[in-house]
Amino acid sequence: MSSEKRNDSEKVGFVQTPQSFYNPDLFQFNLFAETTIPNEQDFFTKEINVMRNSSNSATYTGSNTVLSRRALEEIGGFPTDTITEDFQTGILIQSKGYRTIATTEVVANGLAPTSIKNLISQRVR
């Protein structure tokens, strides 16, 4: 089916995959619980955000996301007048009628903060 013949409910604005880390997060590490406590972001990215698919409200969290170029162009690109450009980008894409999807499939890995200072710096926004 050509893109010109799609209806708005079939337009996908972004697909958000979970954030995944090579190293244990600070909670796992400090509680000696790498094998018994999931990474603290797993609950949101692999459970809550995926459940939001049913209401077309998956959140764009800024990392590990495939964005539709057309959707991004339609909203005028990434907003630069905010400290939560990822969240705002997702909301703007949804407001244009695009479908948003979160998946449990990990496609990229990174490093979790390894100190309280780095964790605070990451989350202060």
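Residues numbered from 1 in each chain as written. Predicted model: local features only at pLDDT ≥ 70, side-chain atom pairs only at ≥ 80, totals over all residues. Heavy atoms only, no water.

A few points about the pairing of strand β1 (residues 12–16)
In the sheet, β1 pairs with strand β3 (residues 99–102) via 4 bridges, with the strands oriented parallel. Looking across to β3, one finds that F14 is bridged to T100. Both β1 and strand β2 (residues 65–67) contribute to a ladder of 3 bridges, which runs antiparallel. Among the inter-strand pairings, Q16 is bridged to a residue of β2, identified as T65. (Pairing = 2+ DSSP bridges. Helix = DSSP H or I, 4+ residues; strand = E, 2+ residues; numbered from the N terminus.)

Some points on the sheet that holds β2
Strand order in the open sheet made by the 3 strands is β2-β1-β3, with mixed pairing throughout. Every other strand in the sheet has two partners, leaving β2 and β3 as the edge strands with one partner each. The sheet shows a mean angle of 10° between the axes of neighbouring strands, taken without regard to direction. (Axes fitted to C-alpha atoms, helices over the stretch in contact; angles between N-to-C directions.)

Digging into the pattern of salt bridges
Under the counting rule described, the total for this entry stands at 1 salt bridge. Across the pair E73 and R69 runs a salt bridge, and its minimum N-O distance is 3.1 Å. Of this pair, E73 and R69 both sit in helix α3 (residues 69–74), 4 residues apart, which is roughly one turn of the helix. (Salt bridge = Lys/Arg side-chain N within 4 Å of Asp/Glu carboxyl O.)

Here we look at unusual backbone geometry
A positive phi angle, close to 50°, is found at N56, a residue other than glycine. Among the structural elements, N56 can be located in the loop between α2 (42–51) and β2. Take N56: its relative accessible area is 30%, and that puts it in the partly exposed class. (Buried < 20%, exposed > 50% of the residue type's maximum accessible area, 1.4 Å probe, protein only.)

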